[in-house]
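Okay, here's what each chain looks like letter by letter:
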Amino acid sequence: MHDLDICIAGGGVIGLSLALELHRRGLSVTVLEQGQPLSEASTAAAGMLAASDPDNPAALRKLSDLSLSLYPAFLDRLDELSGIRVPFHTSATLQAHLAPPSNELSTEALADALPQLTSNNRHFTLIDERSLDPRHLAEAVLTAVRATSIDLRTGTRVLSVQSVGDSVEVQTSTGAFHAARFINCTGAWASQSSLAPGLAIAPRKGQMLAVALPPSLPLHLVLRTHGMYIVPRTTGPHAGRAIIGATIEDAGFDKTVHSKDIAHLRSLANAFLPVLSEARQLEAWAGLRPSSPDGLPFLGAMPESRNQFVAAGHYRNGILLTPATAHVMAQLLAGESPSIDLADYSPSRPLPSSPIAQ
Ligand SMILES: Cc1cc2nc3c(=O)[nH]c(=O)nc-3n(C[C@H](O)[C@H](O)[C@H](O)COP(=O)(O)OP(=O)(O)OC[C@H]3O[C@@H](n4cnc5c(N)ncnc54)[C@H](O)[C@@H]3O)c2cc1C
């Protein structure tokens, strides 16, 4: 016997957006969050919808493209439920390359796009790509969830999950839950304890900072090079600030911010935009990206289980991939064929023995 249709572990942007999509389809949903919702990776992110980042694995493209196509409707639905309209802040990214790409920007076009840039012997392309503020997105998602009958339990840590007949029994720090299906959306924690011991997800720490842009640098596009990006907020209460990120570190679950790492990020940014050396630092923080050995998320049923699922491992692109993840997971749970082939993201796919560097 189960009391509810779906039990989701993890109240990050993935778990809560999936909860909204399942609720929209008429299912009863409970989300179990060990701490406070949306206080981990989902609010540590820069907010680039970086489908064309050359560091992305090629197999991420189809999920990224699906997500980009779903983004406007996703934001509309959040607005309908929450009354919060999350705007895009930028619509172009200046991407630096070490070798000249075929569509390299001319010196004149580069000077037009960003006159203050020092090219540092790099080559640049201009990519159509948007960004948004993940903290604003989080506020809209949480308000939307609270406007529905989704049962969001904070301070409730999932300890173990067991299939019992056609149900799952979920043991938590505050008692047991019984549901028809369980979905593990616990991000960097997804392979911890007995939730999904076989899943190859590990935390990858990212430190970053926010600065107040000097008035001489009205930045309206993202600047990205291998190892560093600058993402401006162009509208709303945080207009005029920019995020500079981010380190990529294997440091377990440690989220300490180190001033030397922040200083290093600043020096990388200053090398491209010397005017940034005047920028006042506003904050610095760290978050834990859920990484997998091939850089792709795990989306689907757990091996040898009909009623336990996973949607985790979105690594550097969880904000980008949120609408598509919610969409294809809801399709899977409803027994529909998903809009794209999910074989590349299968929890039982073969994995490389050594993880990708990025
Ligand atoms: C520095 C940095 C920059 C980034 N920049 C970008 C970017 O520009 N664009 C982009 O698309 N993505 C970016 N990302 C990646 C993106 O933030 C993540 O991929 C995404 O937030 C993952 O969402 P999630 O819901 O899976 O994880 P989280 O937001 O971490 O949520 C997981 C939740 O599960 C909870 N949990 C864990 N274990 C349990 C348990 N046992 N029981 C109950 N609850 C549990 C946690 O408390 C947490 O709230 C960035 C990440 C970082 C760290």
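Predicted, not measured: the structure shown is a model, and the values here were computed from it. What you see as residue numbers is a count from 1 along each chain, following the sequence as written. Per-residue local features are limited, in this predicted model, to residues with pLDDT of at least 70; the limit for side-chain atom pairs, both in listing and counting, is 80 or more; totals at the level of whole chains, interfaces and linings are taken over all residues. In computing side-chain properties, one takes all heavy atoms of the structure into account and sets aside hydrogens as well as water.

A. The arrangement of the site of the ligand in detail. If you check the shell around the ligand, you find 38 residues, and the closest are Glu33, Ser42, Met48, Val158 and Leu320. A distance of 3.2 Å separates an oxygen atom of the ligand from a polar atom in the backbone of Ile14. Side-chain atoms alone can form a polar contact between residues adjacent in sequence; in general such a contact is a pair of N or O atoms within 3.5 Å, and within protein one must be able to donate a hydrogen while the other accepts it. Interatomic distance of 2.9 Å between a backbone N/O atom of Ile319 and an oxygen atom of the ligand. Using the Shrake-Rupley algorithm and a 1.4 Å probe, accessible areas are obtained, with residue cover drawn only from the displayed protein chains. Protein coverage of the free-state accessible area of the ligand, which is 1,000 Å², stands at 98%. Sorting the residues of the shell around the ligand by element identifies helix 1 (13–24), helix 2 (41–44), strand 9 (202–212), strand 13 (280–291) and helix 7 (318–333) as the ones contributing at least two each. Comment: elements are numbered from the N terminus, with helices defined as DSSP H or I runs of at least four residues and strands as E runs of at least two. Broken down by element, the residue count for the shell around the ligand peaks at four residues, all from strand 13. Residues are grouped as follows: Ala, Val, Leu, Ile, Met, Phe, Trp, Tyr, Cys and Pro are nonpolar; Asp, Glu, Lys and Arg are charged; every other residue, Gly included, is polar. For the shell around the ligand, the residue count by class is 19 nonpolar, 14 polar and five charged. Among the domains, domain 1 (1–89 + 132–200 + 292–358) and domain 2 (91–129 + 202–290) are the pair contributing at least three residues each to the shell around the ligand. A single heavy atom is enough: if one lies within 4 Å of a molecule or strand, its residue is considered near that molecule or strand. Those domain boundaries reflect an automatic or database domain assignment.

B. View of the environment of Leu288. Along the chain, Leu288 falls in strand 13. In the structure, Leu288 is positioned 270 residues away from Leu18 in sequence and 20 Å away in space, judged by C-alpha atoms. Residues are treated as being in contact if the distance between any of their heavy atoms lies within 4.5 Å. Sequence-distant contacts of Leu288, that is, excluding residues within four places in its chain, are made with Ala41, Ala188, Trp189, Pro203, Arg204, Lys205, Gly252, Phe253, Asp254 and Lys255.

C. Fine view of the side chain of Thr172. Examined against the element boundaries, Thr172 turns out to sit in strand 7 (residues 167–172). Judged by its relative accessible area of 7%, Thr172 falls in the buried class. A polar side-chain atom of Thr172 sits 3.0 Å from the main-chain amide nitrogen of Thr174. Here Gly175 takes part through its backbone oxygen, which lies 2.6 Å from a polar atom of the side chain of Thr172. In this structure, Thr172 is in contact with Leu32, Thr156, Arg157, Val158, Leu159 and Phe177, ignoring residues within four places of it in sequence. Burial classes: relative accessible area under 20% of the type maximum marks a residue as buried, over 50% as exposed, and values in between as partly exposed (1.4 Å probe, protein chains only).

D. View of the pattern of salt bridges. A pairing counts as a salt bridge when a side-chain nitrogen of Lys or Arg comes within 4 Å of a carboxyl oxygen of Asp or Glu. For the structure on display, the rule yields 20 salt bridges. Between Arg135 and Glu283 there is a salt bridge, and its shortest N-O distance comes to 2.9 Å. Placement of the pair is Arg135 in helix 5 (residues 134–146) and Glu283 in strand 13, with a sequence separation of 148 residues. Ionic pairing is found between Asp261 and Lys260, a salt bridge with its closest N-O pair at 3.5 Å.

E. Here's a closer look at helix 1. With twelve residues, helix 1 should cover 16 Å at 1.5 Å per step; its first-to-last C-alpha distance of 16 Å lies within 8% of that length. Within helix 1, ten of the twelve residues are buried, which leaves it mostly tucked inside the rest of the structure. Listed as buried for helix 1 are Val13, Ile14, Gly15, Leu16, Ser17, Leu18, Ala19, Leu20, Glu21 and Leu22. Directly beyond the C-terminal end of helix 1, a positive phi value near 90 degrees is found at Gly26. What a helix should span is 1.5 Å times the count of its residues minus one.

F. Representation of helix 5 within the structure. Relative to the 18 Å expected for 13 residues at 1.5 Å per residue, helix 5 spans 18 Å between its end C-alpha atoms, a close match to the ideal helical length. Where helix 5 is concerned, the buried positions are Pro134, Leu137, Ala138, Ala140, Val141, Leu142, Ala144 and Val145. For helix 5, the secondary structure elements touched by its buried residues are helix 1, helix 2, helix 3 (61–82), strand 5 (151–153) and helix 7. The opening residue of helix 5 is Asp133, an N-cap whose side-chain oxygen sits 2.9 Å from the backbone nitrogen of Arg135.

G. Layout of the packing of aromatic side chains. Any Phe, Tyr or Trp ring, taking Trp's six-membered ring, that has another such ring centre within 6.5 Å forms a pair; planes under 30 degrees apart are called stacked, those over 60 apart edge-to-face, and the others tilted. One pass over the structure, following the stated rule, counts four aromatic pairs. Taking the centre distance of 6.3 Å and the plane angle of 65 degrees together, the rings of Tyr71 and Phe88 count as edge-to-face. Note that Tyr71 is positioned in helix 3 and Phe88 in the loop between helix 3 and strand 3 (90–97), a separation of 17 residues in sequence. Looking at Tyr71, the relative accessible area reads 1%, which means it is buried. Taking relative accessible area as the criterion, Phe88 reaches 25% and is therefore assigned partly exposed. With 6.3 Å between their ring centres and 90 degrees between their planes, Phe124 and Phe272 make a pair best called edge-to-face. Of the two residues, Phe124 is situated in strand 4 (residues 123–131) and Phe272 in helix 6 (residues 259–272); the sequence distance between them amounts to 148 residues. Note on accessibility: Phe124 and Phe272 belong to one class, buried. Through a chain of ring-to-ring contacts, the aromatic side chains of Tyr71, Phe74 and Phe88 assemble into a single cluster.

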